[in-house]
Amino acid sequence: MTGEGYQIDLRGKVAVVTGAASGIGRAITRAYVAAGAKVVALDIDDAGVRRTAELCTAPGSVAVLHGDVSDPVDVAGAVALAEDHFGALTTMVNNAAISIPGNVVETSVEDFDRTLAVNLRGVFLGCKYAIPAMLRAGGGSVINMGSVNSLIAEPVLSSYAASKGGVLMLTRSVARDYATSGVRCNCICPGWVDTPINLAHAERMGGIEQVRRDLPNWQPIGREGRPEEIAATALFLASDLSSFITGSALVADGGMTAM
Ligand SMILES: NC(=O)c1ccc[n+]([C@@H]2O[C@H](COP(=O)([O-])OP(=O)(O)OC[C@H]3O[C@@H](n4cnc5c(N)ncnc54)[C@H](O)[C@@H]3O)[C@@H](O)[C@H]2O)c1
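All values derive from a computational prediction rather than experimental measurement.

Looking only at helices and strands, one finds eight helices and seven strands in the chain. What you see for the chain is a C-alpha radius of gyration of 17 Å, in line with the 18 Å of a compact globule of 259 residues. Buried positions account for 50% of the 259 residues belonging to the chain. Within the chain, contacts between residues separated by at least 24 positions form 72% of all contacts whose residues are at least 6 apart in sequence. Accessible area of the chain: about 11,400 Å², with a carbon and sulfur share of 55%. Across the chain, the centroid of the 20 positively charged side chains sits 5 Å from that of the 26 negatively charged ones.

And the structure:
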């Protein structure tokens, strides 16, 4: 993004990006590095996160880390690596998530608990361990990956929607608690974006090709979003251009929730 006085520049920023091996997390990592940031890229998928680093314009700006966001030790370790390796933490992108489709009756207790552990406890842990580091750094930006399902429900997506609703309220709570401390906290709410997380849900809706045919009926822009389009919102929220924005749900959904 360019414009007189309005160029996004993340030089001096150090981010942790979770779920960095694929889709939106990979696109955010690449965008941050291209804008001059250093990134700790965390995922359970080691090969995928290494590939993300290779794809970056400056691979040396990325420290890859195996970690499970539901594990407090792994999340605290990512924050510590940012401080030890890159000198500070200014930006926390709580992006990793899973989607196990189902209504409440058919969803197992184990699948519900696992969904909440990754999608909501993972975000909680990211906030919990990142904020003290950001305060040490003089401020920062927490970016939580919500979903349109933070705002609206869809069929057979009960545990995922519950987790994403929680992400939005956790975002607002953090924003209120740290509004005067230099730590901002916002939530991105993407619509349907072309990544692997949707495949199981698509199967429940007649298969990915059927979903793509039906998509203009519920995502007015008439196409899937691209990971890079969500990364652009994360770029803005990480930058000082968004310095007055905290506690917000930034919706990037091709108009889905406008219907
Ligand atoms: N794709 C969409 O349509 C869409 C829409 C709304 C919101 N989102 C959100 O965007 C975020 C990124 O999803 P995506 O679309 O890129 O999907 P994706 O499946 O491409 O990427 C998810 C990544 O998270 C990682 N991951 C899963 N569990 C993990 C764990 N316990 N610890 C660490 N990493 C873990 C996976 O290995 C994978 O690399 C998620 O929060 C998702 O809910 C996606």
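Right, let's talk about the site of the ligand for a bit. Near the ligand you find 30 residues, and of these Ser22, Asp43, Tyr160, Val193 and Thr195 are the closest. Between the ligand and Asp43 there is a distance of 2.6 Å, counted from an oxygen atom to a side-chain nitrogen or oxygen. Between the ligand and Tyr160 there is a distance of 2.5 Å, counted from an oxygen atom to a side-chain nitrogen or oxygen. Elements that contribute at least two residues to the shell around the ligand include exactly helix H1 (23-34), helix H4 (109-137) and helix H5 (158-178). Each residue belonging to the shell around the ligand can be placed in one class, and the counts come to 15 nonpolar, 10 polar and five charged.

A separate point is the pattern of salt bridges. Applying the stated rule across the entire model yields 11 salt bridges. Residue Arg226 pairs with Glu229 through a salt bridge whose shortest N-O separation is 3.3 Å. The class for Glu229 is partly exposed, based on a relative accessible area of 27%. One network of salt bridges, in which partners are shared, links Asp194, Glu209, Arg212 and Glu224.

The end-to-end C-alpha distance of H4 is 40 Å, a good match for the 42 Å that 29 residues give at a rise of 1.5 Å each. Positive phi shows up at Gly138, right after H4, with a value of about 90 degrees.

Here we take up the packing of helix H3 (residues 72-86) against H4. The axes of two packed helices give the description: the angle between them and the distance between them. It is at 9 Å that the axes of H3 and H4 come closest, and there the two elements cross at 25 degrees. Overall, the two elements H3 and H4 adopt an arrangement that is roughly parallel. The way H3 lies across H4 gives a crossing that is right-handed. Residues Pro72, Val75, Ala76, Val79 and Glu83 of H3 lie in contact with H4, whose contacting residues are Leu125, Gly126, Tyr129, Ala130, Ala133 and Arg136. Among the residues making up the contact of H3 with H4, the classes are represented as eight nonpolar, one polar and two charged.

With that out of the way, let us pick up the packing of aromatic side chains. All chains considered together, the criterion is met by one aromatic pair. Lys128 extends its terminal NZ or CZ atom over the ring of Tyr129, reaching a point 5.9 Å from the ring centre.

Okay, the packing of H1 against helix H8 (residues 227-238) next. Close contact between H1 and H8 brings their axes to 8 Å; oriented N to C, the two are set at 50 degrees. Regarding the angle of H1 to H8, the classification is oblique. The two elements H1 and H8 meet at a crossing, and its hand is right-handed. Where H1 approaches H8, its residues Gly23, Ile24, Ala27, Ile28, Ala31 and Tyr32 are matched on the opposing element by Pro227, Glu228, Ile230, Ala231, Ala234, Leu235 and Ala238. Grouping the constituent residues of the contact of H1 with H8 by class yields 11 nonpolar, one polar and one charged.

About the criteria used
- Residues numbered from 1 in each chain as written.
- Predicted model: local features only at pLDDT ≥ 70, side-chain atom pairs only at ≥ 80, totals over all residues.
- Heavy atoms only, no water.
- Helix = DSSP H or I, 4+ residues; strand = E, 2+ residues; numbered from the N terminus.
- Rg over C-alpha atoms; globule rule 2.2 N^0.38 Å.
- Buried < 20%, exposed > 50% of the residue type's maximum accessible area, 1.4 Å probe, protein only.
- Contact = heavy atoms within 4.5 Å.
- Areas by Shrake-Rupley, 256 points an atom, 1.4 Å probe, with all protein chains shown as cover.
- Lys, Arg positive; Asp, Glu negative; His and termini not counted.
- Charge placed at Lys NZ, Arg CZ, Asp CG, Glu CD.
- Near = heavy atom within 4 Å.
- Polar contact = N/O pair within 3.5 Å; in protein donor to acceptor, adjacent residues only side chain to side chain.
- Nonpolar A, V, L, I, M, F, W, Y, C, P; charged D, E, K, R; others polar.
- Salt bridge = Lys/Arg side-chain N within 4 Å of Asp/Glu carboxyl O.
- Expected span 1.5 Å × (residues − 1).
- Axes fitted to C-alpha atoms, helices over the stretch in contact; angles between N-to-C directions.
- Parallel < 35°, antiparallel > 145°, perpendicular 65-115°, else oblique.
- Left-handed = near helix turned anticlockwise from the far one by under 90°.
- Phe/Tyr/Trp six-rings, centres within 6.5 Å; stacked < 30°, edge-to-face > 60°.
- Lys NZ or Arg CZ within 6 Å of the ring centre and 35° of its normal.

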